[in-house]
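Survey of secondary and tertiary structure
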Amino acid sequence: MSSTKFLCRSEQLVEGEFVELQTEAAGKPLFLVGTRYQGHPRVWMNSCPHQGRPMNWAPNRFLSDDDGRLVCAAHGAVFELDEGRCVSGPCQNAELRSLDLTENDGEVLFAVNT
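As the structure is a computational prediction, the values presented were derived from the model and not from experiment. (Residues numbered from 1 in each chain as written. Predicted model: local features only at pLDDT ≥ 70, side-chain atom pairs only at ≥ 80, totals over all residues. Heavy atoms only, no water.)

A word on the side chain of Glu80
- Position of Glu80 among the secondary structure elements: in the loop between strand S7 (78-79) and strand S8 (86-88).
- Although Glu80 is buried, it forms no salt bridge, and the closest oppositely charged side chain is Arg85 at an N-O distance of 4.7 Å.
- Engagement of the side chain of Glu80 in a polar contact is seen with the backbone nitrogen of Glu83, the distance being 2.9 Å.
- From its side chain, Glu80 meets the backbone nitrogen of Arg85 in a polar contact 2.9 Å long.
- Other than its neighbours up to four places away in sequence, Glu80 contacts Trp44, Arg69, Arg85 and Val87. (Helix = DSSP H or I, 4+ residues; strand = E, 2+ residues; numbered from the N terminus. Buried < 20%, exposed > 50% of the residue type's maximum accessible area, 1.4 Å probe, protein only. Lys, Arg positive; Asp, Glu negative; His and termini not counted. Salt bridge = Lys/Arg side-chain N within 4 Å of Asp/Glu carboxyl O. Polar contact = N/O pair within 3.5 Å; in protein donor to acceptor, adjacent residues only side chain to side chain. Contact = heavy atoms within 4.5 Å.)

What about the nonpolar core?
- Counting residues in hydrophobic clusters, the biggest one holds 15 residues, and the most contacted among them are Leu7, Leu21, Leu32, Val43 and Phe110.
- When residues of this core are traced back to their parent elements, those giving at least two are strand S1 (2-9), strand S2 (19-25), strand S3 (28-37), strand S4 (40-45) and strand S10 (107-113).
- Leu32 has contacts with Leu7, Val19, Glu20, Leu21, Thr23, Val43, Trp44, Met45, Asn46 and Leu99, leaving out every residue within four places of it along the chain.
- Core analysis: the second largest hydrophobic core is formed by 14 residues, Trp44, Cys48, Ala77 and Cys86 among them. (Core = buried A, V, L, I, M, F, W, Y, C linked by side-chain atoms within 4.5 Å.)

Overview of the packing of aromatic side chains
- Enumeration over the complete set of coordinates arrives at one aromatic pair.
- Between Phe18 and Phe62, the ring centres sit 6.4 Å apart and the planes meet at 55 degrees, which makes this aromatic pair tilted. In this pair, Phe18 sits in the loop between S1 and S2 while Phe62 sits in the loop between S4 and strand S5 (63-64), placing the two residues 44 residues apart along the sequence. (Phe/Tyr/Trp six-rings, centres within 6.5 Å; stacked < 30°, edge-to-face > 60°.)

In structure tokens form, the structure reads like this:
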């Protein structure tokens, strides 16, 4: 069984911009990276599948390529924004771990297993 938990206000996720988010689930902190892609919220664990390092190079600072895709600051892996799949770099075809999201009344919520 699952329920939902507040993650952020909808306006925090802007098309073409990446933002660092933090919340808690099952008593553990979650460090996340979020954006909006084709109007829909996208949020992944802030951990590159190559070596588990954070994607950002400084607090709330993320790299992107000329196509607006997320780039891991540690190793240059490039991730597409639809499914979070690595399209270039040391972890090609690996996927970022995403959260199951809903958006309602100006809030982005994520599924929590109970």
